[in-house]
Amino acid sequence: MDYREYQKMLDPAYLKTVSMNEIYETVFESRPPLIDGLLYSGTYLFVGAPKLGKSFFMAQLAYHISTGIPLWNYPVRKGTVLYLALEDDYRRLQERMYRMFGTESTDNLFFATSANQLGKGLDEQLQRFIREHPDTRLIIIDTLQKVREAGGDNYSYANDYEIITRLKHFADSCGICLLLVHHTRKQRSEDNFDMISGTNGLLGAADGAFLLYKEKRVGNSAVLEISGRDQQDQKLYLIRNPETLCWDLERTETKLWKEPPEPILEAIAEIVNVNNSLWEGSPTQLAEILKSDISPNALTRKLNVNAGRLYNEYGISYTNKHTHGGRLIRLAHTKP
């Protein structure tokens with residue numbers, strides 16, 4: 001950055017902007033879902049009435065992600081999980097996990113039954129845990145109310161929004177999923193998500209929400225509604241196993257939308273694979289090898305935008321940088 005650019009940024013009237021061209025020229029870090037079609041990186045609310053089985057659902061998510069075992073028919077990416085079970089003790093957790101999963105255990109799932117509050121050391125505790133466990137993918141806070149700062153203004157829209165924004169900044173900077181367990185209010189509403197206790201600032205700042213409820217108070221059946229920025233709205237019908245108390249999937253109301261095939265990515269996967277794990281060259285050379293009518297500049301932009309998909313679906317990492325000889329593309333097969 002030159003001195004004039006630096007001086008401009010010091011001006012209180014300066015507004016930092018990024019052009020559409022600059023956005024297309026940038027390769028953003030890929031953040032694959034934790035559970036395909038269900039759970040993504042970011043900050044989410046998991047909401048339901050008291051004594052409905054939210055903590056059992058959290059234990060189920062934590063176990064499946066920490067072991068990499070598919071949840072229902074959803075593929076799972078394995079990673080370390082921290083579960084702040086702030087309304088439990090270790091004896092109760094032991095009984096719950098044993099009832100749900102028997103003696104099958106994992107070293108990648110960690111529990112804590114106490115933690116500091118927001119603004120009073122919680123941020124530092126979570127950051128230290130991630131430093132010690134860099135493969136952390138999910139942190140569950142059960143419940144949000146337990147870590148909120150004490151104060152008379154806790155339930156204003158501005159304060160609700162600020163709390164979730166602070167947690168979202170932490171989750172985004174670490175590239176993890178932060179799942180916040182919360183309660184519903186008693187009043188019914190035409191929009192079920194309006195039943196989230198507190199103001200609309202909670203949902204407004206979050207990346208999405210999971211709402212678990214029973215259409216009939218008695219019985220083992222429940223509905224899980226999902227709404228988020230990075231996924232389509234879904235409605236899942238669940239039933240609780242009376243022996244293990246795990247939640248099982250009965251059916252879904254909406255079939256998951258899948259991105260249509262991208263011929264360019266498929267063609268690259270034929271060139272870069274386990275037998276030929278590395279390719280380097282210019283955009284012009286790549287366009288020639290692919291025998292594509294697309295211009296080198298458009299090809300580069302298409303790959304910039306689809307870098308995450310190229311990695312998630314085909315295990316190919318993509319980098320694009322300027323060199324003295326021009327632009328250099330590097331494609332490397334990274335998955336077995």
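In the block above lies the structure referred to throughout.
Now for a description of the structure that goes with this document. (Residues numbered from 1 in each chain as written. Predicted model: local features only at pLDDT ≥ 70, side-chain atom pairs only at ≥ 80, totals over all residues. Heavy atoms only, no water.)

Some details on the sheet that holds strand S11 (residues 316–323)
Okay, step 1: The three strands lie next to each other as S10-S12-S11, forming an open sheet whose pairing is antiparallel. The open sheet terminates on both sides in strands that have one partner only, identified here as strand S10 (278–281) and S11. Put simply, the sheet's adjacent strands are angled 10° from each other on average, direction ignored.
Okay, step 2: Sitting on the sheet, helix H11 (residues 296–305) is in contact with S11 and strand S12 (326–333), with an inclination near 130° to S11.
Okay, step 3: Contacts between helix H12 (residues 307–314) and the sheet are confined to S11 and S12, with S11 contributing the most and set at about 145° to the helix. (Pairing = 2+ DSSP bridges. Helix = DSSP H or I, 4+ residues; strand = E, 2+ residues; numbered from the N terminus. Axes fitted to C-alpha atoms, helices over the stretch in contact; angles between N-to-C directions. Contact = heavy atoms within 4.5 Å.)

Re the nonpolar core
Okay, step 1: The biggest cluster of nonpolar side chains holds 42 residues, and the ones touching the most others in it are Ile 35, Leu 39, Met 58, Leu 138, Leu 179, Phe 210 and Leu 224.
Okay, step 2: The dominant element in this core, judged by the number of residues it contributes, is helix H3 (residues 54–67), at eight residues.
Okay, step 3: Setting aside anything within four residues of it in sequence, one finds Phe 210 in contact with Leu 38, Leu 39, Tyr 44, Leu 45, Phe 46, Val 47, Leu 179, Leu 224, Glu 225 and Ile 226.
Okay, step 4: Listed in part, the 32 residues of the second largest apolar core include Phe 129, Val 147, Ala 206 and Ala 209. (Core = buried A, V, L, I, M, F, W, Y, C linked by side-chain atoms within 4.5 Å. Buried < 20%, exposed > 50% of the residue type's maximum accessible area, 1.4 Å probe, protein only.)

Focus on H3
Okay, step 1: In this model H3 runs 20 Å from its N-terminal to its C-terminal C-alpha over 14 residues, within 8% of the 20 Å that 1.5 Å per residue would give.
Okay, step 2: For H3, the buried fraction is high: 14 of the 14 residues fall into the buried class.
Okay, step 3: Trailing H3 by a residue or two, Gly 68 shows a phi angle of about 80°, which is positive. (Expected span 1.5 Å × (residues − 1).)

Regarding the pairing of S12
Okay, step 1: As paired elements, S10 and S12 share four bridges and run antiparallel to each other. The residue of S12 that forms the bridge with Gly 281 is Ile 329.
Okay, step 2: Examined bridge by bridge, S11 and S12 share eight bridges and lie antiparallel to one another. Residue Ile 316 lies in a different strand from S12, and its bridge partner there is His 333.
Okay, step 3: Where S11 hands over to S12, the hairpin turn is made up of two residues, counted between the paired strands.

Focus on the pattern of salt bridges
As a working rule, side chains carrying opposite charge can pair if their charged atoms are close by.
Okay, step 1: Enumeration over the complete set of coordinates arrives at 15 salt bridges.
Okay, step 2: Note that Asp 172 is salt-bridged to Lys 168, the shortest N-O span being 2.8 Å. One end of the pair is Asp 172 and the other is Lys 168, both in helix H7 (residues 157–174) and four residues apart, which spans about a single turn.
Okay, step 3: Where Asp 207 meets Lys 168, a salt bridge forms, and the shortest distance between an N and an O atom there is 2.8 Å. Taken as a pair, Asp 207 in the loop between helix H8 (201–205) and strand S6 (208–213) and Lys 168 in helix H7 lie far apart in primary sequence, 39 residues in all.
Okay, step 4: Here the residues in one salt-bridge network are Lys 168, Asp 172, Asp 207 and Arg 229, joined through shared partners. (Salt bridge = Lys/Arg side-chain N within 4 Å of Asp/Glu carboxyl O.)

Overview of H11
Okay, step 1: Within H11, burial applies to Leu 299, Thr 300, Leu 303 and Asn 304. End-on, the buried residues of H11 take up no more than an arc of 140°, which puts them together on one face.
Okay, step 2: Structurally, H11 contributes buried residues whose contacts are with helix H2 (20–24), helix H9 (263–271), helix H10 (283–290), H12, S11 and S12. (Arc of directions from axis to C-beta.)

Here's the deal with the side chain of Arg 137
Okay, step 1: Checked against the element boundaries, Arg 137 lands in strand S4 (residues 136–142).
Okay, step 2: Although Arg 137 is buried, it forms no salt bridge, and the closest oppositely charged side chain is Asp 36 at an N-O distance of 7.9 Å.
Okay, step 3: Residues in contact with Arg 137, not counting those within four places in the same chain, are Pro 32, Pro 33, Leu 34, Arg 77, Lys 78, Gly 79, Thr 80, Ile 176 and Cys 177. (Lys, Arg positive; Asp, Glu negative; His and termini not counted.)

Digging into the sheet that holds strand S1 (residues 42–48)
Okay, step 1: Reading across from one edge, S3-S2-S4-S5-S1-S6-S7-S8-S9 is the order of the nine strands in this open sheet, with mixed pairing throughout. Both outer strands of the open sheet, strand S3 (109–112) and strand S9 (247–252), are each paired with one neighbouring strand and no more. Adjacent strand axes in the sheet meet at a mean angle of 20°, parallel and antiparallel pairs treated alike.
Okay, step 2: In this sheet, strand S5 (residues 177–183) lies alongside S4 in parallel orientation, the contact comprising five bridges. From the neighbouring strand, Ile 140 faces S5, where its bridge partner is Leu 179.

What about unusual backbone geometry?
Okay, step 1: Residue Asp 142 is joined to Thr 143 through a cis peptide bond whose omega torsion reads 15°.
Okay, step 2: As for its position among the elements, Thr 143 is in the loop between S4 and helix H6 (144–147).
Okay, step 3: In this structure, Lys 291 is a non-glycine residue whose phi angle is positive, near 55°.
Okay, step 4: Note on placement: Lys 291 falls in the loop between H10 and H11.
Okay, step 5: Under the relative-accessibility criterion, Lys 291 is labelled exposed at 76%.

Some points on the environment of Leu 224
Okay, step 1: Mapped onto the elements of the fold, Leu 224 is located in strand S7 (residues 221–228).
Okay, step 2: Leu 224 sits in the buried class, given a relative accessible area of 0%.
Okay, step 3: Residues Leu 224 and Asn 276, 52 residues apart in the sequence, show an inter-C-alpha distance of 44 Å.
Okay, step 4: Not counting residues up to four positions away in its chain, the partners in contact with Leu 224 are Phe 46, Phe 57, Phe 210, Leu 211, Leu 212, Gln 234, Lys 235, Leu 236 and Leu 238.

That is the geometry; function is a separate question.
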